[in-house]
Amino acid sequence: MPRIAPSVSREQVALEACRLLEMLEVLWGRSGEASSLPPVSPSQLRVLTVIEKWDGVNLRDLGEALGSTPPSVSRLCDRLEAAGLIQRSRGTANRREVELRLSSGGHRALKQMRAWRSGEIEAVLTRVPEADLGALAESLQTFRTAARLHIGPEETGHSTGSRTA
C-alpha cells in the first residue's frame with residue numbers, strides 16, 4: 001500500500017534539508033578527531049574530489065568548478081601538493097597549462113575519508129526503523145537527481161569542451 005505523506009511546502013523541505021546538512025557538518029567535523037584521517041579542510045576536500053573526477057583538470061577549469069579565484073585555487077593546490085595529495089604536471093594538449101592529478105596519497109586520503117563518513121552514516125542509520133530505509137534511500141536518490149539537474153550537466157560530467165566540475 002503506498003504511503004501517503006502529509007502535504008509540505010518546498011520551503012519546509014528546504015529547511016529540513018538545511019538542518020540535515022548542519023548535522024552532517026557536525027559529523028564531518030568529528031573526522032578531525034579520527035587520528036587515522038589526514039587533516040584536510042572542507043575546501044581542500046572539494047579540490048580533491050574535483051581532481052579525482054576530472055583527472056588532469058587545469059587550474060582555470062578547477063577554479064571555475066569551485067567558483068574560486070585563480071590565486072586562491074593556486075594556494076589550495078600548493079598546500080595539497082606540499083601534503084603529497086596532488087601532483088602538477090605540464091599539460092599534454094597545451095604545454096603552457098598545468099594539469100592536476102591525485103597522487104597515491106590523495107587517492108588514499110579520499111578512500112579513508114569516504115570509509116569513515118560511510119561508517120558514521122551507517123551508525124546513524126542503525127537508529128532509523130528498518131521499514132523506513134527504502135523510502136529514505138528513494139528520497140535521497142530523488143534529491144540527488146534534482147540537484148544534478150539544477151547544477152547542470154557540465155557540472156556533473158565531462159563537457160564536450162573544457163573540463164568543469
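This one's a predicted model, so the numbers in the text were calculated from it and none came from an experiment.

S.K.: Just give me the short version of the side chain of aspartate 61, but keep the residues and values in it.
M.R.: The topology assignment puts aspartate 61 in helix H3 (residues 59-66). By relative accessible area, aspartate 61 is classed as buried at 3%. Polar contacts involving the side chain of aspartate 61 include one to the side chain of arginine 60, which spans 2.9 Å.

S.K.: Quick one: what's the story with the environment of threonine 49, residue by residue and with numbers?
M.R.: Structurally, threonine 49 can be placed in helix H2 (residues 42-53). Since its relative accessible area comes to 30%, threonine 49 is described here as partly exposed. If we ignore the near neighbours within four places in the chain, the residues touching threonine 49 are Leu110 and Arg114.

S.K.: So, the environment of lysine 53: which residues are in play, and what are the values?
M.R.: By the element assignment, lysine 53 lies in helix H2. Sequence separation between lysine 53 and arginine 101 is 48 residues; the distance between their C-alpha atoms is 9.7 Å.

S.K.: Give me the confidence of the model for the protein: which residues, what numbers.
M.R.: Confidence in the prediction for the protein averages 85 pLDDT; 86% of positions are at 70 or higher. Counting interchain partners and residues more than four positions distant, the pLDDT-below-50 stretch residues 156-165 has 25 contacts.

S.K.: Quick one: what's the story with the nonpolar core, residue by residue and with numbers?
M.R.: Among the nonpolar cores identified, the biggest contains 27 residues, and Val47, Leu48, Ile51, Leu62, Cys77, Ile86 and Leu100 are the most heavily contacted of them. Elements supplying a minimum of two residues to this core: helix H1 (10-29), H2, H3, helix H4 (70-82), strand S3 (98-102) and helix H5 (104-125). Sorting elements by how many residues they give to this core places H2 first, with five residues. Those residues within four positions of valine 47 in sequence are excluded, and the remaining contacts are Leu62, Leu66, Leu76, Cys77 and Leu80.

S.K.: So, the pattern of salt bridges: which residues are in play, and what are the values?
M.R.: As enumerated under the stated definition, the model contains nine salt bridges in all. Notably, a salt bridge pairs glutamate 52 with arginine 114, separated by 2.7 Å at the nearest N-O pair. In this pair, glutamate 52 is assigned in helix H2 and arginine 114 in helix H5, connecting sequence segments 62 residues apart. Its relative accessible area of 41% is what places arginine 114 among the partly exposed residues. The salt bridge partner of arginine 60 is glutamate 97, with a shortest N-O separation of 3.6 Å. Of the two residues, arginine 60 is situated in helix H3 and glutamate 97 in the loop between strand S2 (86-90) and S3; the sequence distance between them amounts to 37 residues. The network of salt bridges with shared partners includes Arg60, Asp61, Glu64 and Glu97.

What counts, and at which threshold
Along each chain, residues carry numbers from 1 onward, in the same order as the chain's sequence is written. A pLDDT threshold of at least 70 governs which residues receive local features in this predicted model, and a stricter bar of 80 or more applies before side-chain atom pairs are shown or counted, although totals over entire chains, interfaces and linings include all residues. Neither water nor hydrogens contribute to the side-chain values; these are computed over all heavy atoms in the structure. Runs of E in the DSSP output that reach at least two residues are strands. Runs of H or I that reach at least four are helices, and both are numbered from the N terminus. Only protein chains enter the accessibility calculation, which uses a 1.4 Å probe; a residue whose area is less than 20% of its type maximum is buried, one above 50% is exposed, and one in between is partly exposed. Whenever a nitrogen or oxygen atom comes within 3.5 Å of another N or O atom, the pair is scored as a polar contact, on the condition that within protein one atom can donate a hydrogen and the other can accept it, and that pairs from neighbouring residues in sequence are kept only if both atoms are in side chains. The contact rule is simple, with two residues in contact once any of their heavy atoms fall within 4.5 Å. pLDDT gives the predictor's per-residue confidence on a scale running from 0 to 100. In these notes, a set of buried Ala, Val, Leu, Ile, Met, Phe, Trp, Tyr and Cys residues joined through side-chain atoms within 4.5 Å is what counts as a nonpolar core. A pairing counts as a salt bridge when a side-chain nitrogen of Lys or Arg comes within 4 Å of a carboxyl oxygen of Asp or Glu.

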